[in-house]
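Architecture and fold: a report
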Amino acid sequence: MIRQEETEFVEQAFQKLRERGWLSGSPEPTGISCQAIAAFEETYQIKLPSLYKAFLQSCKMNHDCFDDFWYIAIVEDELRPWPITLFDMSPTVDSNFLSSSMIQFRKCAANGYSYSAGAEQYGKYLPIGYWDSDWLLWDLSKPLEQVDEEDESTWALVTFAHDGEWDKEYWTEGGRPRIPDFKTLLEWCFCGSLEAEFEEDNGVKVTPERMKTWDFRWHWYEDRWKEKA
């Protein structure tokens, strides 16, 4: 996609999220400037993908999207509700959330375990959120034009376990592939592209109200949630 197409895609994804009941009110721009993004790239010596830039400069996310969002995902080859937290450049006391997350991830990589990863190992990863409680990372070394939905080894979005040992072998493996690319993440998460299949397979209806309750999140498969004929 060209930059205009990426901007339009992100806007449409946010609009779909609003139509599905996850966002209320009028969209509010993030106000993130190109200069702020360029400063981030310079500080961390990393190049943000243009689609991610469009996302950062699009609309503000409310609490439900930012820190307590569940959607239908493919987890270990199974369709099921799953939690995700997406980072943005919301201001913090001394920086912004994306910068703080980058600092935290690189600190864990270099000093958090018995094996200390080098910049050549962790430098290609962009932390974009949490997959449940694990780091959700964009492996920027994976060419997007080579992403193949049928080949997980080509997938750009991977997770690093929060409770695992990031040893040399772990870094060689490069984490656990989770989602083909960021566009697919927005399709699954914002557009709800997997919901129809999940509903048909399980005989349940997915709504924001249900997805916000722990009972449905973990017990959606029980008969009491089934839609009555």
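Look above for the structure.
Everything in this summary refers to the structure shown in the same document.

A few words now on the nonpolar core. Ranked by size, the top nonpolar core spans 71 residues in total, and within it Y52, F55, F160, L185 and F190 carry the most contacts. If near-sequence neighbours (up to four positions away) are discounted, F160 is found in contact with F105, Y125, D134, W135, L137, W166, Y170, W171, G174 and G175.

So, about the pattern of salt bridges. Once the charged atoms of two side chains with opposite charge are near each other, the side chains can pair. By the definition in use, this model includes twelve salt bridges. For R178, the salt bridge identified is with E76, shortest N-O distance 3.1 Å. In this pair, R178 sits in strand β6 (residues 176-179) while E76 sits in the loop between β1 (69-75) and β2 (78-86), placing the two residues 102 residues apart along the sequence. On the accessibility criterion, E76 (49% relative accessible area) is partly exposed. Among the ionic pairs, E187 bridges to K183, the shortest N-O distance being 2.5 Å.

Okay, the environment of D132 next. Relative to the elements of secondary structure, D132 occurs in the loop between β3 (125-131) and β4 (134-139). Sequence separation between D132 and F105 is 27 residues, and the spatial gap between their C-alpha atoms is 16 Å. In contact with D132, other than residues within four places in its own chain, are W82 and P83.

Moving on: the sheet that holds β3. Working definition: the strands of a sheet are paired by backbone hydrogen bonds and lie parallel or antiparallel to each other. Taken in spatial order, the six strands make up an open sheet running β1-β2-β3-β4-β5-β6, and their pairing is antiparallel. Looking at the sheet topology across the chains shown, the edges are occupied by β1 and β6. If you compare each strand with its neighbour and ignore which way they point, the axes differ by 45° on average. Examined bridge by bridge, strand β5 (residues 157-160) and β6 share three bridges and lie antiparallel to one another.

Our next topic: the pairing of β4. A regular strand carries its side chains on alternate faces of the sheet. For β4, the tally of buried residues reaches six of six residues, placing the bulk of the element in the interior. Here six bridges tie β3 to β4, and the two strands are oriented antiparallel to one another. The partner of Y130 across the bridge, within β4, is W135. As paired elements, β4 and β5 share four bridges and run antiparallel to each other. Within β5, the position partnered with L136 by the bridge is T159.

With the rule as written, the count across this model stands at zero disulfides. Free of any disulfide, C34 has its nearest cysteine sulfur in C59, 16 Å distant. Between C191, a free cysteine, and C189, which holds the nearest cysteine sulfur, the sulfur-to-sulfur gap is 9.4 Å. Residue class for C191 comes out partly exposed when judged on its relative accessible area of 23%.

Attention now goes to the side chain of T159. On the secondary structure map, T159 appears in strand β5. Residue classification places T159 among the buried residues on the basis of a relative accessible area of 2%. Engagement of the side chain of T159 in a polar contact is seen with the side chain of R178, the distance being 3.1 Å. In this view, T159 contacts W131, D134, W135, L136, Y170, G175, R176 and R178; residues no more than four positions away in its chain are not counted.

Reading the values: rules and limits
Counting restarts for each chain: residues are numbered from 1 in the order of the written sequence. Owing to the predicted nature of the model, reporting of local features is limited to residues with pLDDT of at least 70; listing and counting of side-chain atom pairs is limited to 80 or more, with chain, interface and lining totals taken over all residues. The side-chain figures draw on all heavy atoms in the structure; neither hydrogens nor water molecules are used. As used here, the term nonpolar core means buried Ala, Val, Leu, Ile, Met, Phe, Trp, Tyr and Cys residues forming a set that is joined through side-chain atoms within 4.5 Å. Any residue under 20% of the maximum accessible area for its type is buried, any over 50% is exposed, and the rest in between are partly exposed; the area is computed with a 1.4 Å probe on protein chains only. The contact definition used throughout considers only heavy atoms, calling two residues in contact when any of these lie within 4.5 Å. Between Lys or Arg on one side and Asp or Glu on the other, a salt bridge is scored when a side-chain nitrogen of the former is within 4 Å of a carboxyl oxygen of the latter. Secondary structure elements are defined from DSSP: runs of H or I of at least 4 residues count as helices, runs of E of at least 2 residues count as strands, and each element is numbered from the N terminus. Strand pairing is assigned whenever DSSP identifies at least 2 bridges connecting the two strands. To get an axis, a line is fitted to the C-alpha atoms, and for a helix only the part in contact is used. The angle between two axes follows their N-to-C directions and goes from 0 to 180 degrees. In this description, the term disulfide denotes a pair of cysteine sulfurs within 2.5 Å. Polar contact is defined as a pair of N or O atoms within 3.5 Å, subject to the rule that within protein one atom must be able to donate a hydrogen and the other to accept it, and that residues adjacent in sequence are counted only when both atoms are side-chain atoms.

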